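These are the residues of each chain, in order.
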Protein chains: 2
Amino acid sequence: MGMGRPRAFDADAALDRAMDVFWRHGYEGATIAQLTEAMSINPPSLYAAFGSKEGLLKAALDRYTEKRDAWMDRVLNAATAHEVAERFLMEHADAQTDPANPPGCLLVQGGLACGTGSANVPFELAARRTRTEDQLRERFVRAKAEHDLGESVDPATLARYLSAVTSGMCVMASSGANRETLREIAAVSLKAFEEQTKG
Amino acid sequence: MGMGRPRAFDADAALDRAMDVFWRHGYEGATIAQLTEAMSINPPSLYAAFGSKEGLLKAALDRYTEKRDAWMDRVLNAATAHEVAERFLMEHADAQTDPANPPGCLLVQGGLACGTGSANVPFELAARRTRTEDQLRERFVRAKAEHDLGESVDPATLARYLSAVTSGMCVMASSGANRETLREIAAVSLKAFEEQTKG
DNA sequence: CCACATTTGTAGCGAACACTACAGATATCT
DNA sequence: AGATATCTGTAGTGTTCGCTACAAATGTGG
């Protein structure tokens, strides 16, 4: 028996286009019409490949997380906790103002508060944000074991702080903050990080 | 000539209810049906009083800003810049986890990225956030004039930093961060503030 | 070449959306 | 009291939403 007509579009390329639409308009603000146009496919192709609008979001988030993990690996491989924090903050400032993408971060702009029909979208986004925070925390736990960070330092607090600052930078970026402004915020935050690791 | 049938509902009380819905579901996630039910009125009353869904949001934001200004006055009246920062951060942690309101802040949860039909909603929210930042900056300019802050300190940077942190706390609050967690973040941020004002 | 499995484009589905026409109700002003 | 002006509730309006039925198209395996 046959294997059916092959798909005529590249799923990953289409997800990149969908990512951009969700990023720019949020989950609820993005319409199927906009998504299909950006992806250069028709609705039946979208639904055959991804099941639903929410399924498409999850697939886009998977792809987003994939890229983000590769980036996080490079950040976490820095020699010291301080350098991890510095890279994390500074490269966030750059990424959130990269003209190749909409401002901010998909995991924040995607939607913090949604309607009753999309109630689990914010959860989905939050789970992916938590993942970054977990990766940071584990890196700081390791730094503690390596005596790169002192005994009195709480890795969870450090990770949460960095996560909060970068989330805040997303909000600023969405209202037009430029790269220099975000770097300034990152620089101040880095001093807080240093101060926190001294105590 | 007569002056017409008087309004049978309290506009401010209705706005408080609407505020809660926008806060919990975001602008686009909030439906007219949910809003009218929460406000205990029918659609024609809503449209007669506020013109449109976006008009209702603006009216709710005006009321929100009113309350926020009263709160900011108390914060800004603190004796020193340091105390201003401390109050601002800590009371934000409390306010964003106040069980009387949805988590976070209406100016962030309301919507960072919206659909093409609601494109100016994010601008409207951003403008109100900027107002808070401006108030902080002006307070720090004053602190500088009073020699409470050193000559080398940049009031704009300080204000932006505090604004970014509290925005980040909104994101954390929306994904379930509790009061203690936010206070922890506020405490770390306050150390950054101190460090920044020393340099 | 034929049977089969899957995708594609067209066209349109029911539901929910923001919003409103209309008539009755309720106030004020003369 | 009567005329007027505005609000209220019912019951919708047209539009857009996410999603899909269907038939033609296009590949594989026998």
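Above this text sits the structure in question.
Residues numbered from 1 in each chain as written. Chains lettered and ligands numbered in written order. Predicted model: local features only at pLDDT ≥ 70, side-chain atom pairs only at ≥ 80, totals over all residues. Heavy atoms only, no water.

A. Structural detail: the overall build of chain A. Across its full length, chain A holds 9 helices and 0 strands. Sequence-ordered secondary structure for chain A, helices as α and strands as β, is α-α-α-α-α-α-α-α-α. Taken along its principal axes, the extent of the C-alpha atoms in chain A is 65 × 45 × 30 Å. A buried classification covers 52% of the 199 residues belonging to chain A. Relative to all contacts within chain A whose residues are 6 or more apart in sequence, the contacts with residues 24 or more apart total 67%. Side chains of chain A give 23 positive and 28 negative charges; the mean places of these two sets differ by 3 Å. (Helix = DSSP H or I, 4+ residues; strand = E, 2+ residues; numbered from the N terminus. Buried < 20%, exposed > 50% of the residue type's maximum accessible area, 1.4 Å probe, protein only. Contact = heavy atoms within 4.5 Å. Lys, Arg positive; Asp, Glu negative; His and termini not counted. Charge placed at Lys NZ, Arg CZ, Asp CG, Glu CD.)

B. Structural detail: the state of the cysteines. Going through the model one piece at a time under the given rule, you end up with 0 disulfides over all chains. Its sulfur unpaired, Cys114(A) is 10 Å from the next cysteine sulfur, which belongs to Cys114(B). Residue classification places Cys114(A) among the buried residues on the basis of a relative accessible area of 7%. Of the cysteine sulfurs around Cys170(A), a residue in no disulfide, the closest is that of Cys105(A), at 4.5 Å. (Disulfide = S-S within 2.5 Å.)

C. Focus on the interface of chain A and chain B. At the junction of the two partners, chain A supplies 38 residues and chain B supplies 38 residues. In this assembly, chain A packs against chain B so that about 3200 Å² is buried in total across both faces, 64% of it on carbon and sulfur atoms. Counting across the chain A and chain B interface gives 2 salt bridges. Across the salt bridge formed by Glu184(A) and Arg160(B), the nearest N and O atoms sit 2.8 Å from each other. Run the count over chain A and chain B and you get 10 residue pairs in polar contact (both at pLDDT 80 or more). Only helix 1 (11–29), helix 6 (106–109), helix 7 (120–145), helix 8 (155–174) and helix 9 (179–198) of chain A provide two or more residues apiece to the side of chain A that touches chain B. (Buried area = accessible area lost by both parts, 1.4 Å probe. Salt bridge = Lys/Arg side-chain N within 4 Å of Asp/Glu carboxyl O. Polar contact = N/O pair within 3.5 Å; in protein donor to acceptor, adjacent residues only side chain to side chain.)

D. Local environment of the packing of aromatic side chains. All names here are of chain A. In the structure shown here, the tally under the stated rule is 8 aromatic pairs over all chains. Centre to centre, the rings of Trp23 and Tyr64 are 5.6 Å apart; their planes meet at 85°, and the pair counts as edge-to-face. One end of the pair, Trp23, is in helix 1; the other, Tyr64, is in helix 4 (residues 53–76), and 41 residues separate them in sequence. In this structure Trp23 comes out as buried when scored by relative accessible area, which is 7%. We note Lys53 situated over the ring of Tyr27; from NZ or CZ to the ring centre the distance is 4.5 Å. (Phe/Tyr/Trp six-rings, centres within 6.5 Å; stacked < 30°, edge-to-face > 60°. Lys NZ or Arg CZ within 6 Å of the ring centre and 35° of its normal.)

E. Region of interest: the packing of helix 2 (residues 32–39) of chain B against helix 3 (residues 43–50) of chain B. Residue and element names in this part refer to chain B. For the pair helix 2 and helix 3, the least separation of the axes is 9 Å and the interaxial angle reads 90°. Judged by the angle between their axes, helix 2 and helix 3 are roughly perpendicular. Of the residues in helix 3, those in contact with Ile32, Leu35, Thr36 and Met39 of helix 2 are Pro43, Leu46, Tyr47 and Phe50. Looking at the contact of helix 2 with helix 3 residue by residue, the classes come out as 7 nonpolar, 1 polar and no charged. (Axes fitted to C-alpha atoms, helices over the stretch in contact; angles between N-to-C directions. Parallel < 35°, antiparallel > 145°, perpendicular 65-115°, else oblique. Nonpolar A, V, L, I, M, F, W, Y, C, P; charged D, E, K, R; others polar.)

F. Focus on unusual backbone geometry. One non-glycine residue, Ser40(A), lies in positive phi territory at about 55°. The topology assignment puts Ser40(A) in the loop between helix 2 (32–39) and helix 3 (43–50).

G. View of the relation of the copies chain A and chain B. Here chain A sits on chain B after a turn of 180° about the axis and a move of 0.0 Å along it, with an RMSD of 0.1 Å. Taken together, the rotation and translation relating the two chain copies correspond to the operation of a two-fold axis. Most of the interface of chain A is mirrored in chain B, where 100% of its interface residues again form contacts. (Least-squares fit on C-alpha atoms with pLDDT ≥ 70 in both.)

H. Broad picture of the protein's contact with DNA strand D. The environment of DNA strand D is formed by 26 residues, the closest being Gly2(A), Tyr47(A), Gly4(B), Arg5(B) and Ala8(B). In DNA strand D, atoms within 4 Å of the protein come 67% from sugar and phosphate. The separation between a phosphate oxygen of DNA strand D and a polar side-chain atom of Asn42(B) is 2.9 Å. Those elements that provide at least two residues to the surface near DNA strand D are helix 3 of chain A together with helix 3 of chain B. (Near = heavy atom within 4 Å.)

I. Structural detail: the packing of helix 1 of chain A against helix 1 (residues 11–29) of chain B. As a packed pair, helix 1 of chain A and helix 1 of chain B sit with axes 9 Å apart at the nearest point and diverge in direction by 110°. Regarding the angle of helix 1 of chain A to helix 1 of chain B, the classification is roughly perpendicular. Taken together, the residues of helix 1 of chain B that come into contact with helix 1 of chain A (itself represented by His25(A), Glu28(A) and Gly29(A)) are His25(B), Glu28(B) and Gly29(B). Class assignment for the residues of the contact of helix 1 of chain A with helix 1 of chain B results in no nonpolar, 4 polar and 2 charged.

J. View of the pattern of salt bridges. A full pass over the atoms with the stated rule returns 28 salt bridges over all chains. A salt bridge links Arg131(B) to Asp69(B); the shortest N-O distance between them is 2.6 Å. Taken as a pair, Arg131(B) in helix 7 (residues 120–145) and Asp69(B) in helix 4 (residues 53–76) lie far apart in primary sequence, 62 residues in all. The class for Arg131(B) is partly exposed, based on a relative accessible area of 37%. Each of Asp12(A), Asp16(A), Arg63(A) and Lys67(A) takes part in one network of salt bridges that share partners.

By themselves, these are just geometric observations and shouldn't be taken as functional.
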